Amino acid sequence: MASGEQVEPVGDPIERIVELRAQIAHHNRRYHELDDPEISDADYDLLVRELATLEATHADAVPVDSPTQTVGSAPSVAFTPVVHRVAMMSLDNAMDGAELQAWGERLVRAMERLGDVDLSTVAYCCELKIDGVAVALSYEDGVLVSGATRGDGRVGEDVTANLRTLADIPTELGSGAPRRLEVRGEVYLPLSAFEATNAALLAAGQKPYVNPRNTAAGSLRQKDPAVTAQRKLRFWTYQLAEIDGGPGLVSHEASLRYLEGFGFPVNPQVQLLRSLDAALARCQYWVEHRHDLDYDIDGVVVKLDDLALRTRLGSTARAPRWAIAYKFPPEERTTILRDIEVSIGRTGRATPFARLEPVFVGGVTVETATLHNEDQVAAKDVRPGDTVIVRRAGDVIPEVVGAVVSLRPEDSAPWTFPRSCPCPLSTPLVRAEGESDTFCVEAECPYQRAQRLIHFASRGAMDIEGLGERTVQLLIDAGLVNDPADLYGLHAEDLMGFEGWGETSVGNLLRAIEASKTRPLANVLVSFGVRHLGPAAAGALASRFGSIEAIAEARQEELAAVEGVGPIIAATVRTWFDRPTARELLARLAAAGLAPAAPAVSTERPVLAGRSIVVTGALAGFSREEAEAAIVARGGKSPGSVSKKTTAVVVGADPGASKLTKATDLGIPILDEEQFLALLATGELPEPEPEPEPEPEPAPDPSAPT
Ligand code: IVH
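On a predicted model such as this, the values are computed, not experimentally measured, just so you know.

1. Section: the sheet that holds strand S21 (residues 670-671)
Sheet architecture is open: three strands sit in the order S19-S20-S21, paired in parallel fashion. Pairing within the sheet leaves two strands with one partner each, and these edge strands are strand S19 (613-616) and S21. Bridge count for S19 against strand S20 (residues 648-651) is four bridges, and the pairing is parallel. Residue pairing in the sheet places Val614 in a bridge with Val649 of S20.

Here it is, written out as structure tokens:
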């Protein structure tokens, strides 16, 4: 199918309904039975929505087997069927706040109709919607007797032996277990495990998996449990489906705590909220923070907490009335790959990229996406004309994750890397033995030159406002600028003739260029675009050597000895400064008046020497940069992630959930802002809190969840 924008119904709506039902049935089979979907979830949701809208207005009777009335797909004959004692339903979706609100209003009306519900006590449970595979686990007398996939909701597939290999899933519940228990939840593959698997596959020249969900589904539906055991599958529990011979549980929250007592993993982000507004705020929080986690989530599930009320509200044919999935804007979509081209970067690296039929994904319209290097194109085997899956997650640059091979045109052929640079000089491209990247090594390559200038002027480098890609190209084409030093020789008269340029814009640009002469030394180093030299290592070199001249004269071993630099960066820095063209550029920049601001020499005592302090969340008295600078000024380090080597984690408002979880798991001290100030002053960590005295048992509050 095409790129997936909402398709306007054309022609006869009844014909379109028939067509949509067939299409959706086909996609159900690809997703649920073959674990190899042809379209993204977002494109699938659009088809189902279009069908539901048409059915609501045109179909007199909606058949019971319409995809709007059913769940999943028939179980595969490869597995023994398991009849679910309680149907495994789907969830209705809310695509935005207004749809969540509308669901809430429907719910309130339904509760009002019941006549005896005190609306002021209604509570909602907010949970992450884990993007994995739903399973049902049945226990008899505390022993796992069956584990099944959802299938069509009525009959699933027996994958007990495979589920037994997951350490997260208890096989025996121990004392106090009820006679019968059915627990449901989501099997998922952590992102770190998915990335490690794909990195290994790519390194071996093999086709990587498209996403963690499909990998999890494929891993779970293996004939050989030993294969499942090798994949690092995990499990989150989200529902107690049936219990016989256990305590009377009145709320969802209480049932999760009860299951947790038997060792079922319950996600720490489950939250009980007293209003739908609070639930919506929680959904919006997770739209921003979905990438803080080490697993994919595709939304937030909002559930009514009261179990008796749930039973009274009941379900439609495919989903309960008491829950809704707030779906996130999609980060994966399918579209057509028009062509593959290579772009030339400032170091000459030739990066293949996809020209795509425009597609709205991750909040923006994407027309190009990186393909990284020659081997990745070959391993993914994406070809011009293919339907491809495009991903744009958070701020990460868009990427083509793979092709839908079943939709490949018959005449397609594998793509081959071009032999020469796409620039007018057409110099042969070079790929060194054992390297994955291909380079244009022509010193005069105009594409590299333009990229070097764009990089020089960019925010993290000389930060010359108004000197973007278009202006750089204009200056090069006019023959005014060849390298960064030429920028400092520009005069107003040179620029006044350009179309659309007036005194103001010319003045602004010249002032911005002038202002860049005193940028900090670290930024100047970054602006040279030395391979591997990023802002952190540039900062370390600037602090250690204090001037361009001192770095230019330093021996490679001296460079490598600087903390955060190392032998690889030291080698590329040395090579760069040794090039005659670089020496000449430096001399011309100095002559033009470039005078980098020397880094501030720290006057703080090095009370944090050798310590590693991670900061997460917003602090009241520091920006993130200020907090990190305060740590570095005292001899410490402030990396972006928590590890065994972390000394302490400073936590502000809205901290990254994964950092917090990891710190807790590793037993790393967690400091608030006040304790952080004390640490900066003294270098001492606060005394650990003493174990709290057991509190006297409070009188039971009948309205409180247990
Ligand atoms: S509750 C009656 N809670 O989403 C439905 N489902 O589209 C009970 N899912 O089949 C499901 N995380 O595979 C629930 N915290 C969560 C979930 C969750 C993921 C999946 C589940 C379900 C699908 C519905």
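2. Some remarks on the packing of aromatic side chains
Two measures describe an aromatic ring pair: the distance that separates the ring centres and the angle between the ring planes. Taken as a whole and judged by the stated rule, the model has 14 aromatic pairs. When the ring of Trp236 is compared with that of Tyr295, the centres are 5.8 Å apart and the planes differ by 65 degrees; the resulting orientation is edge-to-face. With Trp236 in strand S8 (residues 234-244) and Tyr295 in the loop between helix H9 (276-289) and strand S10 (297-304), this pair connects stretches of sequence that are 59 residues apart. Summarising the burial analysis for this pair, Trp236 and Tyr295 share the class buried. Pairing Trp576 with Phe577 gives two aromatic rings, centres 5.0 Å apart and planes at 80 degrees, and the pair type is edge-to-face. For the residue pair Trp576 and Phe577, the accessibility class agrees, reading buried in each case. Members of the aromatic cluster, joined through ring pairs, are Tyr188, Trp236 and Tyr295. Cation over ring: Arg213 sits above Tyr31, and NZ or CZ is 3.7 Å from the ring centre.

3. Details of the sheet that holds strand S3 (residues 124-130)
In spatial order, the strands read S2-S11-S10-S3-S9; together these five strands make up an open sheet with mixed pairing. The open sheet has two edge strands with one neighbour each: strand S2 (93-94) and strand S9 (271-273). Two strands pair when backbone bridges link them, and S10 and strand S11 (residues 323-327) are joined in this way by five bridges, in the antiparallel orientation. Note on S11: the bridge partner recorded for Lys303 is Ala323. Seen against the sheet, helix H3 (residues 97-114) touches S2, S3, S10 and S11 and runs at an angle of roughly 175 degrees to S11.

4. Regarding helix H21 (residues 566-578)
Counting along an α-helix, one turn takes 3.6 residues, and residues three or four places apart therefore face a common direction. Taking 1.5 Å as the rise per residue, H21 with 13 residues should run 18 Å; its terminal C-alpha atoms sit 18 Å apart, in good agreement. Every buried residue belonging to H21 is among Gly566, Ile569, Ala570, Thr572, Val573, Arg574, Trp576 and Phe577, and all of these are buried. In this structure, the buried side of H21 is in contact with helix H17 (521-527), helix H18 (535-545), helix H19 (548-553), helix H20 (556-560) and helix H22 (580-591).

5. A closer look at the environment of Ala134
When you line up the elements, Ala134 lands in strand S4 (residues 133-140). Considered as a pair, Ala134 and Ala217 are 83 residues apart in the sequence and their alpha carbons are 9.3 Å apart.

6. A short note on the confidence of the model for the protein chain
Looking at the protein chain, pLDDT values average 90 and 95% of them are 70 or higher. Scored below 50 in pLDDT, residues 691-706 makes seven contacts in the model with residues more than four places away or belonging to other chains.

7. Re the site of the ligand
Neighbouring residues of the ligand: 15 residues in total, closest Glu127, Leu128, Arg150, Glu186 and Lys303. Here Lys129 contributes a side-chain N or O atom positioned 3.2 Å from an oxygen atom of the ligand. The contact in question runs from an oxygen atom of the ligand to an N or O atom on the side chain of Arg150, over 3.0 Å. Considered on its own, the ligand offers 520 Å² of accessible surface; in the complex 92% of this is hidden by protein. Every element with two or more residues in the shell around the ligand is listed here: S3, S8 and S10. For the shell around the ligand, the element with the most residues is S3, which contributes four residues. In terms of residue class, the shell around the ligand is made up of eight nonpolar, two polar and five charged.

8. Focus: the pairing of strand S13 (residues 349-361)
The pairing of strand S12 (residues 332-344) with S13 spans seven bridges and is antiparallel. Residue pairing in the sheet places Glu341 in a bridge with Phe353 of S13. Count of turn residues in the S12/S13 antiparallel hairpin: four residues, of which Gly348 carries a positive phi of about 95 degrees. With two bridges connecting them, S13 and strand S18 (residues 438-440) associate as antiparallel partners. Paired with Ala350 across the strands is Thr438, a residue of S18. With six bridges joining them, S13 and strand S14 (residues 364-370) adopt antiparallel strand pairing. Bridge assignment links Ala354 to a residue of S14, and that residue is Ala369. Hairpin connection from S13 to S14: two residues lie between these consecutive antiparallel strands, with Gly362 at a positive phi of about 60 degrees.

9. A closer look at a positive patch on the surface
Taken together, the side chains of Arg106, Arg109, Arg113 and Arg321 make up a positively charged region of the molecular surface. Position of Arg113 among the secondary structure elements: in helix H3.

10. Thoughts on the state of the cysteines
Counted under the stated rule, the structure contains zero disulfides. No disulfide involves Cys125; its sulfur sits 7.6 Å from the nearest other cysteine sulfur, which is in Cys126. For Cys283, which is in no disulfide, the shortest distance to another cysteine sulfur is to Cys126 and amounts to 5.2 Å.

11. Some points on the pairing of S20
Side-chain alternation along S20 places Ala648 and Val650 on one buried face and Val649 and Val651 on a second face that is also buried. Running through helix H23 (residues 624-633), the crossover from S19 to the neighbouring parallel element S20 is left-handed. As paired elements, S20 and S21 share two bridges and run parallel to each other. Its bridge partner being in S21, Val650 is matched across the sheet by Leu671. The handedness of the S20 to S21 crossover, carried by helix H24 (residues 657-666), is right-handed.

The rules behind these values
Residues numbered from 1 in each chain as written. Predicted model: local features only at pLDDT ≥ 70, side-chain atom pairs only at ≥ 80, totals over all residues. Heavy atoms only, no water. Pairing = 2+ DSSP bridges. Helix = DSSP H or I, 4+ residues; strand = E, 2+ residues; numbered from the N terminus. Phe/Tyr/Trp six-rings, centres within 6.5 Å; stacked < 30°, edge-to-face > 60°. Buried < 20%, exposed > 50% of the residue type's maximum accessible area, 1.4 Å probe, protein only. Lys NZ or Arg CZ within 6 Å of the ring centre and 35° of its normal. Contact = heavy atoms within 4.5 Å. Axes fitted to C-alpha atoms, helices over the stretch in contact; angles between N-to-C directions. Expected span 1.5 Å × (residues − 1). pLDDT = per-residue confidence, 0-100. Near = heavy atom within 4 Å. Polar contact = N/O pair within 3.5 Å; in protein donor to acceptor, adjacent residues only side chain to side chain. Areas by Shrake-Rupley, 256 points an atom, 1.4 Å probe, with all protein chains shown as cover. Nonpolar A, V, L, I, M, F, W, Y, C, P; charged D, E, K, R; others polar. Patch = residues over 30% accessible without salt bridge, like charges linked within 9 Å, V, L, I, M, F, W, Y side chains within 5 Å. Salt bridge = Lys/Arg side-chain N within 4 Å of Asp/Glu carboxyl O. Lys, Arg positive; Asp, Glu negative; His and termini not counted. Charge placed at Lys NZ, Arg CZ, Asp CG, Glu CD. Disulfide = S-S within 2.5 Å. Right-handed = clockwise from strand over helix to strand, strands pointing away.

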